[in-house]
Amino acid sequence: MSKILEVKKLTKIFNSQKRNIKKQFRAVDSISFSVQEGEILGLLGPNGAGKTTTIQMLLGALTPTSGEIYYFGKPFSGTEDPALNKINFASGYANIPSRLTIKENLTVFAHFYQVANYQDKIKRLATEFEVQDLLNKPLTQLSSGQKTRVMLMKTMINYPHLLLLDEPTASLDPDISQKVRQFLLSQREKYNVSLLFTSHNMNEIQEICDRVIFLNQGKIVAEDTPMGILKKMKRTYIRMVIIRGESDLIGYSRDNHFDLSFKKGKALVKIDEEVIPKFLYEISGLGVRYSDIEILRPQLEDFFLQVAKENITECGDKNEPNQN
Amino acid sequence: MNLTRIKGIILRHLFLFKHSWERVSDSFYWPAMDIVLWGLTSLYIQKSQNQVSGLVMVFLTGLIFWQVVWRGQYELTVNLLEELWNQNMVNVFCSPLKLSEWVTGMIGLGFIKMLGSLIFAIVLTLILYTVNLFSFGWLLIPFLILLLMSGWWVGLLVSGAIVRFGRQIQTLAWAGVFILAPFSAIYYPVSALPFWAQIIARMTPISYIFEGMRKVVQSGKIPIFEFLFSFILNLVYLVISVIVFRQAFAKSKELGLSRLDD
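Fair warning: this is a prediction, and the values are worked out from it, not measured in the lab.

What counts, and where the lines are drawn
- Residues numbered from 1 in each chain as written.
- Chains lettered and ligands numbered in written order.
- Predicted model: local features only at pLDDT ≥ 70, side-chain atom pairs only at ≥ 80, totals over all residues.
- Heavy atoms only, no water.
- Helix = DSSP H or I, 4+ residues; strand = E, 2+ residues; numbered from the N terminus.
- Buried < 20%, exposed > 50% of the residue type's maximum accessible area, 1.4 Å probe, protein only.
- Contact = heavy atoms within 4.5 Å.
- Areas by Shrake-Rupley, 256 points an atom, 1.4 Å probe, with all protein chains shown as cover.
- Lys, Arg positive; Asp, Glu negative; His and termini not counted.
- Charge placed at Lys NZ, Arg CZ, Asp CG, Glu CD.
- Rg over C-alpha atoms; globule rule 2.2 N^0.38 Å.
- pLDDT = per-residue confidence, 0-100.
- UniProt positions renumbered as here; feature names shortened; annotations may be inferred.
- Pairing = 2+ DSSP bridges.
- Axes fitted to C-alpha atoms, helices over the stretch in contact; angles between N-to-C directions.
- Domains from an automatic or database assignment.
- Parallel < 35°, antiparallel > 145°, perpendicular 65-115°, else oblique.
- Phe/Tyr/Trp six-rings, centres within 6.5 Å; stacked < 30°, edge-to-face > 60°.
- Core = buried A, V, L, I, M, F, W, Y, C linked by side-chain atoms within 4.5 Å.
- Polar contact = N/O pair within 3.5 Å; in protein donor to acceptor, adjacent residues only side chain to side chain.

**Focus on the overall build of chain A**
Helix and strand content of chain A: 10 helices and 14 strands. Dimensions of chain A along its principal axes, counting C-alpha atoms only, are 75 × 55 × 45 Å. Buried positions account for 52% of the 324 residues belonging to chain A. Considering only contacts in chain A between residues 6 or more positions apart, those separated by 24 or more positions represent 70%. With the model as given, the accessible surface of chain A reaches about 15400 Å², and the carbon-plus-sulfur share is 47%. Considering chain A, the positive charge centre built from 43 side chains and the negative charge centre built from 38 side chains are found 5 Å apart.

Spelled out as structure tokens, the structure:
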């Protein structure tokens, strides 16, 4: 696999001035990463983490303060760079002209990207996205789900090698979001398209991303596969109803430094996953009897919440799981 | 420069023209209203003051040719604003379309639409007042080129300001060029202006064009000096405006183009 995109020490500092006091805000702070051919990379983080700023620099819509961007092994110079012919993007902050029809909009973008036989391409995309009957309707007459499909049609007009998608499913109904995800996966399957994808939807990220980068305050705080990040969150929870031996369990937890609490009549123990068999064996040996045992493994959202709260001294230590 | 991409940006705004009554009225309705109103006004003045000869011709020529300057500026500035209103800036300028291609497309589109509006206005003037602006003959071509050049550099300066400061100054997209109107000698000679205004008028290439046109109307002679001086001034301002626009665009990218879409 070859590198489609490589980013080296990318930094963006915004300067502002109020009452003669100059201030600097480091929106993106020396981040480096790459996207391989056919890979889906998720860019995650709370609001203000630097995701959109990063995407904009990758598009040339924002000039970096420092750092380097390489597309297909060549340095990217921003707007007017030939690499823009081979990539495309969609985002929540960019729309296409609403008074033009779908066909007119796609015709315009087909000219920008110099697509040969663009009329055939538009017909094919219309079939794929199930908007054949809407081609001559202006965007003002479309639902938000239909508009999102049109935006995705625009992203596919030039047979891109890389798609930059900034929260493409935000504000969509769950069923349409699911369709969009299926479509993106099918495009990767058919054309080996690479994707750089930002989202707040953790399930979405877990479902489609091969690899995830967590950004917080402009810095990369974690980079791994979704499973790899979950593994880094060593702490799992056991939740169970204690039938007998509650005091023995409290004593055992205290002696072995397990974090034990009781909620709604159930014991909740924070524990490393690999220690669970030993824990259960030993409390059974002490005469503790339990029922309704649940093992609550961490989810990507837990990590996300941790990052958001900047409590990342050790993954999984500050927050309780969000499962109920 | 790529012709397919230039065609793309021209198509984008021609498609809009088809769907937009505002654009159609800007091209035909308002010029027609101006011609009717000012043509009748100048007819009245000419009748009540017998010594003023050729007043209707001078007024209507000024009015119609001023539309050419305005049209040259308007296509650059309002079509740029159209992208801001549609949150389409990032889509357009982060596509392979180059800034120079966008400007060329807007100039080409402005030329096409100017021709449409101009022919409509000249024919309307001929029908309503039997004033024939085609009588300028081939001289119309250098006049139009010089007037369009003036519209372009004003348009590029205003576009630079819009790209830098966004929609908060959007009124300049329509009104920007009117700051030059009092000094452009459209309806009166430069000599009629107070001294301070004459200095500004002498630095305005449009004033030489309108003064030259009045000379053609009155004496039938071609004012070579006015043409040449206007051309040189226009060329200097056009070069400056291209530099200003490119720098404003670069500065805007430092702050982020998508902020213009918010």
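That was the structure; now back to the text.
**Focus on the overall build of chain B**
A tally of regular secondary structure across chain B gives 10 helices and 0 strands. Helices and strands in chain B line up, N terminus first, as α-α-α-α-α-α-α-α-α-α. Taken over the C-alpha trace, chain B has a radius of gyration of 19 Å; the compact-globule value for 262 residues is 18 Å, and the two agree within 12%. Expressed as lengths along the three principal axes of its C-alpha atoms, the size of chain B is roughly 60 × 40 × 30 Å. When burial is assessed residue by residue, chain B has 56% of its 262 residues classed as buried. Long-range pairs, those at least 24 residues apart, make up 77% of the contacts in chain B with a sequence separation of at least 6. If you sum the accessible surface of chain B, you get close to 11300 Å²; carbon and sulfur atoms cover 72% of it. Each charge class in chain B was averaged separately, 19 positive and 12 negative side chains, and the resulting centres sit 5 Å apart.

**Some words on the confidence of the model for chain B**
All names here are of chain B. Looking at chain B, pLDDT values average 85 and 96% of them are 70 or higher. The least confident element of chain B, judged by mean pLDDT, is helix α2 (residues 21-48) at 75; the most confident is helix α10 (residues 224-255) at 93. Listed scores for the predicted complex are pTM 0.80 and ipTM 0.83.

**Points about the UniProt feature "transmembrane region" (unreviewed entry) in chain B**
Residue and element names in this part refer to chain B. With numbering aligned to this structure, UniProt lists the feature "transmembrane region" (unreviewed entry) at residues 52-70, 118-138, 144-165, 172-190 and 222-245. Secondary structure content for residues 144-165 is 100% helix and 0% strand, and the end C-alpha separation is 31 Å. As annotated, residues 172-190 has a helix share of 21% and a strand share of 0%, and its two end C-alpha atoms lie 25 Å apart.

**Some thoughts on the sheet that holds strand β6 (residues 87-91) of chain A**
Residue and element names in this part refer to chain A. Ordered in space as β6-β7-β8-β3-β9-β10, the 6 strands form an open sheet in which the pairing is mixed. Pairing within the sheet leaves two strands with one partner each, and these edge strands are β6 and β10 (219-224). Each neighbouring strand pair of the sheet contributes to a mean axis angle of 15 degrees, computed without reference to strand direction. Two elements, strand β3 (residues 40-44) and strand β9 (residues 211-216), share 4 bridges in a ladder whose sense is parallel. Its bridge partner being in β9, Leu43 is matched across the sheet by Ile213. On top of the sheet, helix α1 (residues 51-59) reaches β3, β6, β7 (162-166), β8 (194-198) and β9; it is set at about 145 degrees to β7, its chief contact.

**Focus on the domain arrangement of chain A**
How big an interface is tends to be stated in terms of accessible area lost as the parts join. Domain assignment breaks chain A into domain 1 (37-64 + 81-230) and domain 2 (236-297). Just the C-alpha atoms count here: the centres of domain 1 of chain A and domain 2 of chain A sit 46 Å apart.

**A look at the packing of helix α1 (residues 3-19) of chain B against helix α3 (residues 55-85) of chain B**
Residue and element names in this part refer to chain B. Their axes nearest at 12 Å, the elements α1 and α3 cross at an angle of 80 degrees. Our classification of the angle between α1 and α3 gives roughly perpendicular. Contact residues: α1 offers Ile9, Arg12, His13 and Leu16, while α3 offers Asn79, Glu82 and Glu83.

**A closer look at the packing of aromatic side chains**
Residues and elements named next belong to chain B. One pass over the full model with this rule turns up 21 aromatic pairs over all chains. Ring geometry for Trp70 against Tyr74: centres 4.7 Å apart, planes inclined by 40 degrees, an arrangement best described as tilted. You can see Trp70 and its partner Tyr74 sitting in helix α3, 4 residues apart, about one turn around the helix. The pair formed by Trp70 and Tyr74 is uniform in burial state, with each residue classed as buried.

**Focus on the nonpolar core**
Within the largest apolar cluster, 156 residues are counted, with the highest numbers of intra-cluster contacts made by Leu5, Phe33, Tyr71, Leu164 and Leu184 of chain A together with Phe65 and Trp102 of chain B. No other element matches the 16 residues that α3 of chain B contributes to this core. Counting residues in hydrophobic clusters, the runner-up holds 14 residues, among them Met240, Leu249, Phe258 and Ile276 of chain A.

**Observations concerning the side chain of Thr61 of chain B**
Within the secondary structure layout, Thr61 of chain B lies in helix α3. Those residues in contact with Thr61 of chain B that lie beyond four places of it in its chain are Leu133, Phe136, Phe210 and Met213 of chain B.

**With respect to the sheet that holds strand β5 (residues 74-75) of chain A**
Residues and elements named next belong to chain A. Ordered by their spatial adjacency, 4 strands build an open sheet running β2-β1-β4-β5, and the pairing between neighbours is antiparallel. The open sheet is flanked by β2 (21-36) and β5, the only strands paired with a single partner. Examined bridge by bridge, strand β1 (residues 3-18) and strand β4 (residues 66-71) share 5 bridges and lie antiparallel to one another. By the bridge assignment for β4, Lys8 is matched with Glu68. Along the sheet, α1 makes contact with β1, β2 and β4, crossing β1 at roughly 115 degrees.

**With respect to the side chain of Glu75 of chain B**
All names here are of chain B. Mapped onto the secondary structure, Glu75 falls in helix α3. Reaching out from Glu75, the side chain makes a polar contact with the side chain of Arg71 at a distance of 2.6 Å. In terms of polar contacts, Glu75 uses its side chain to reach the side chain of Asn79, at 2.8 Å. Not counting residues up to four positions away in its chain, the partners in contact with Glu75 are Met106, Leu109, Gly110 and Lys113.

**Structural notes on the pairing of strand β13 (residues 266-272) of chain A**
Every regular strand shows the same layout, with side chains that alternate between the two sheet faces. All names here are of chain A. By the criterion of burial, β13 is predominantly enclosed, with 6 of the 7 residues buried. Two elements, strand β12 (residues 259-263) and β13, share 5 bridges in a ladder whose sense is antiparallel. Looking at the pairing, Phe262 lines up with Ala267 of β13.

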